[in-house]
Amino acid sequence: MSVESQKKAAAEEAARHIVDGAVVGLGTGSTANYFIQALANRKLNVTCIPTSKASRELGEKLGLKMGSLETHPYIDVTVDGADEFDADFRLIKGGGGAMLREKLVASSSRFMVVIADQSKQVKTLGKFPLPIEVSMFGVKATAWKIERAFEFLKLKGQMTLRVRDGKPFVTESGNAIIDCALGAIPDPDKLDGILNNTPGVIETGLFIGICGVVYLASDKGVKELKRA
């Protein structure tokens, strides 16, 4: 089974568990797109809270009813992909640049469900570069503070300002993203705490204590993993 087939299988399994009348958070990215399609195919009466313009547009095109966090501050379930997850259900997200809105929606949900192919399961987070969303004001100053945080935790890696079409990438919330290739993050909880107390940092791509269920697809099918 190809990676794309695994993503689709996990998404379809997650969609199968959505109940009529639910308020559903929609993630962003290629894996989330499979879920949006699978959810639309079920023809349920659900209200969807998108985490990006792209997810909203796809959902609307497929006939899904859209809402917002303003109209629906409490969400039943959010379904999204992940760049990595470990045995403690800690995630790295933000490869698509939407992690601030993804985290706002996911943390407003009773449950966050991750759909993933087998390559996303890791023993230690950090192989995928950690995205950090920062204020456009003082990007270099914030980057220096982030570097100091890495040194304090004895982490080494390369920091890169995300660029698109030759210009700094700007999130839908108007911020920049610094991608940090660390190789391994031995203590994600401590790193997340330090970064979130760093002036200029808006949000990190570390999702800790938010995800409760993973639908993990492999050549053997889709397995449901639940956080203890």
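Residues numbered from 1 in each chain as written. Predicted model: local features only at pLDDT ≥ 70, side-chain atom pairs only at ≥ 80, totals over all residues. Heavy atoms only, no water.

Its 14 residues give helix α5 (residues 139-152) an end-to-end C-alpha distance of 20 Å, which sits within 8% of 20 Å, the value for a rise of 1.5 Å per residue. Regarding α5, the residues found buried are Val139, Thr142, Ala143, Ile146, Ala149 and Phe150. Angularly, the buried residues of α5 cover 115 degrees about the axis, an arc narrow enough to put them on a single face. Projecting away from the buried face of α5 at angles above 90 degrees are the exposed residues Lys140 and Phe152. The elements touched by buried residues of α5 are β8 (130-134), β9 (158-161), β12 (176-181), α6 (188-196) and β13 (201-204). (Helix = DSSP H or I, 4+ residues; strand = E, 2+ residues; numbered from the N terminus. Expected span 1.5 Å × (residues − 1). Buried < 20%, exposed > 50% of the residue type's maximum accessible area, 1.4 Å probe, protein only. Arc of directions from axis to C-beta. Contact = heavy atoms within 4.5 Å.)

Let us look at the nonpolar core. Counting 24 residues, the largest nonpolar core has Ile18, Val24, Phe35 and Leu39 as the members making the most contacts within it. The element best represented in this core is helix α2 (residues 30-41), accounting for 5 residues. Apart from residues lying up to four places away in sequence, Val24 is in contact with Ile18, Phe35, Leu39, Val46, Thr47, Cys48, Ile49, Ile75 and Val77. (Core = buried A, V, L, I, M, F, W, Y, C linked by side-chain atoms within 4.5 Å.)

A few words on the environment of Val79. Positionally, Val79 belongs in strand β4 (residues 75-80). On the basis of relative accessibility, which here comes to 1%, the residue Val79 falls in the buried class. The spatial distance from the C-alpha of Val79 to the C-alpha of Val214 is 9.5 Å, given a sequence separation of 135 residues. If sequence neighbours within four positions are ignored, Val79 has contacts with Ala14, Ile18, Gly25, Leu26, Gly27, Phe35, Val113 and Ile115.

The subject of this paragraph is α2. Between its first and last C-alpha atoms α2 spans 17 Å; for 12 residues at 1.5 Å apiece the expected length is 16 Å, and the two agree. Taken together, the buried positions of α2 are occupied by Thr31, Ala32, Phe35, Ile36, Ala38, Leu39 and Ala40. Contacts made by the buried residues of α2 are with α1 (3-16), β1 (23-26), β2 (47-50), α3 (53-61), β4 and β7 (109-117). Looking one or two residues past α2, Lys43 carries a phi angle of roughly 60 degrees, positive in sign.

You will see that Phe89, though not glycine, has its phi angle at about 60 degrees, which is positive. As for its position among the elements, Phe89 is in the loop between β5 (84-85) and β6 (91-92). What makes Phe89 buried here is its relative accessible area of 7%. For Lys154, which is not glycine, the phi torsion reads 60 degrees and is therefore positive. Looking at where Lys154 falls in the secondary structure, it is placed in the loop between α5 and β9. You can call Lys154 exposed: its relative accessible area is 74%.

By volume, the largest pocket amounts to about 330 Å³. The wall of the largest pocket is formed by 16 residues, among which His17, Val77, Phe111, Val113 and Val213 lie closest to the centre. Elements that contribute at least two residues to the lining of the largest pocket include exactly β4, β7, β15 (211-218) and β16 (221-226). Residue composition of the lining of the largest pocket, grouped by class: 10 nonpolar, 2 polar and 4 charged. Taken together, 22 residues make up the lining of the second largest pocket; nearest its centre are Thr28, Gly29, Gly81, Ala82 and Asp83. Every element with two or more residues in the lining of the second largest pocket is listed here: α2, α4 (99-107) and β7. By residue class, the composition of the lining of the second largest pocket is 6 nonpolar, 9 polar and 7 charged. (1 Å grid on protein atoms, 1.4 Å probe; cavity = no way out; pocket = protein on both sides within 12 Å on 5 of 7 lines; lining within 4 Å. Points joined across faces, edges and corners; volume = space filled by probe spheres on them. Nonpolar A, V, L, I, M, F, W, Y, C, P; charged D, E, K, R; others polar.)

Here the focus is the sheet that holds β15. Strand order across the open sheet formed by 7 strands is β3-β2-β1-β4-β7-β15-β16, with mixed pairing between neighbours. A single partner strand is all that each edge strand has here, and the edge strands are β3 (65-66) and β16. Sheet topology places β4 next to β7; 5 bridges connect them, and they run parallel. Across the sheet, the residue bridging to Val77 is Phe111, located in β7. Contacting β4, β7, β15 and β16, α1 runs over the sheet at an angle of about 155 degrees to β7. (Pairing = 2+ DSSP bridges. Axes fitted to C-alpha atoms, helices over the stretch in contact; angles between N-to-C directions.)

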